[in-house]
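# Breakdown of the fold
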Amino acid sequence: MILFVIYTGLIAGSFNTNSSVFLAFPAFYLPPVVCLMYVMLQQRNGGFTELTILILIYTVLMYVSSLKYHRRLTETLKLRFENEKLADRLTHSNEKLLRLAEVDALTEVCNRRSMDGFLKKMWHEHYQQGEPLALLFIDIDFFKEFNDTYGHGEGDRSLVRVARTLQRHLRSETDCVARYGGEEFAVILPRTNPMEAMHVADRIHADVRALKIPHEGSSVSEYLTVSIGVSTIVPEIDDHASLIFETADRALYEAKRSGRNRIVSTSPE
């Protein structure tokens, strides 16, 4: 009987620890039970036969219970793995949606929404640190005429090439290129003084022309060109990032009014 009590505890342990791998349960459970029943049947004292029958019934019941437990556990684990996969897919989808919400679908640079947020953040940081922040506002010259001449498909391809040219002039991870809308782009240059900003603008202006994209509809060049407005400001008022954009836009307007295919730099009044 002492052996039976000890083995009952072992059965309970096997049920809790090994039934997740179903073959482990009968492998642990059946051999000792069979041996125990054999020993009991060899006893000549009364009552052992009846006890052996009870153990047999108990064994069958435990085996059936283990089947049910294993089935439930398997289904639970399967459901858990499926939920983890769904969670991973959802996380990936959310990251992709967030990226799409911040990136221009055609050129794959930042979109206007992303640029506005980044510009506000940079303005606040430069206000605190007292450092200059530069913004280049860029417009492709006579882009409507380009589309009319070559078609919108070729126009889209030219936008992509210009965007990639702008990206090549990013000096660090803190610089940002954005498509503001249509044929307009913006380049944000943190911690950049007026001379450095003009240097970047000069290189962009030259490299866009070096693409040698034919433009028969342009009145300033046989190739695609850009006009650039440059603004560099050390922020003196917090939460007023629109000021640098307004001055860059004013500089771009002056560049276009003066004949296009040129760079104009201005400062706030």
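Look a little higher up for the structure.
Heads up: these notes are all about the structure in this document. (Residues numbered from 1 in each chain as written. Predicted model: local features only at pLDDT ≥ 70, side-chain atom pairs only at ≥ 80, totals over all residues. Heavy atoms only, no water.)

What follows covers the pattern of salt bridges. Inspection of the entire model under this criterion finds 8 salt bridges. Residue Asp139 is joined to Lys256 by a salt bridge in which the shortest nitrogen-to-oxygen separation is 3.9 Å. Of the two residues, Asp139 sits in strand S1 (residues 133-140) while Lys256 sits in helix H8 (residues 242-257), which places them 117 residues apart along the sequence. Classification of Asp139 as buried rests on a relative accessible area of 2%. (Salt bridge = Lys/Arg side-chain N within 4 Å of Asp/Glu carboxyl O. Helix = DSSP H or I, 4+ residues; strand = E, 2+ residues; numbered from the N terminus. Buried < 20%, exposed > 50% of the residue type's maximum accessible area, 1.4 Å probe, protein only.)

Turning to the pairing of strand S5 (residues 263-266), a few remarks are in order. By the bridge criterion, 4 bridges tie strand S4 (residues 226-233) to S5 in an arrangement that is parallel. Among the inter-strand pairings, Gly229 is bridged to a residue of S5, identified as Val264. In this region the chain leaves S4, passes through H8 and returns to the parallel neighbour S5; the handedness of that crossover is left-handed. (Pairing = 2+ DSSP bridges. Right-handed = clockwise from strand over helix to strand, strands pointing away.)

Moving on, we come to the pairing of strand S3 (residues 184-190). Counting buried positions along S3 yields 6 of 7 residues, so the element is predominantly enclosed. Bridge analysis of S1 against S3 gives 7 bridges, and the strand direction is antiparallel. Its bridge partner lying in S3, Leu136 is registered against Val187. Across 5 bridges, strand S2 (residues 176-181) lies against S3 in antiparallel orientation. Paired with Gly181 across the two strands is Glu184, which belongs to S3. The loop that links S2 with its antiparallel partner S3 comprises 2 residues; one of these, Gly182, has a positive phi angle of about 60°.

Following the criterion strictly, the structure yields 0 disulfides and no others. Free cysteine: Cys110, not disulfide-bonded; nearest cysteine sulfur from Cys176 at 3.7 Å. Since its relative accessible area comes to 23%, Cys110 is described here as partly exposed. (Disulfide = S-S within 2.5 Å.)

Let's shift gears to the side chain of Asn147. Within the secondary structure, Asn147 sits in helix H5 (residues 143-150). On the basis of relative accessibility, which here comes to 12%, the residue Asn147 falls in the buried class. If sequence neighbours within four positions are ignored, Asn147 has contacts with His152 and Gly155. (Contact = heavy atoms within 4.5 Å.)

All told, the structure shown has 5 aromatic pairs when counted by the stated rule. On the basis of an interplanar angle of 55° and a centroid distance of 4.9 Å, the ring pair of Phe137 and Phe245 is categorised as tilted. Of the two residues, Phe137 is situated in strand S1 and Phe245 in helix H8; the sequence distance between them amounts to 108 residues. Pair check on accessibility: Phe137 and Phe245 agree, each one buried. Through a chain of ring-to-ring contacts, three or more aromatic side chains come together here, namely Phe137, Tyr180 and Phe245. Looking at Arg260, its charged tip hangs above the ring of Phe142, at a distance of 4.6 Å from the centre. (Phe/Tyr/Trp six-rings, centres within 6.5 Å; stacked < 30°, edge-to-face > 60°. Lys NZ or Arg CZ within 6 Å of the ring centre and 35° of its normal.)

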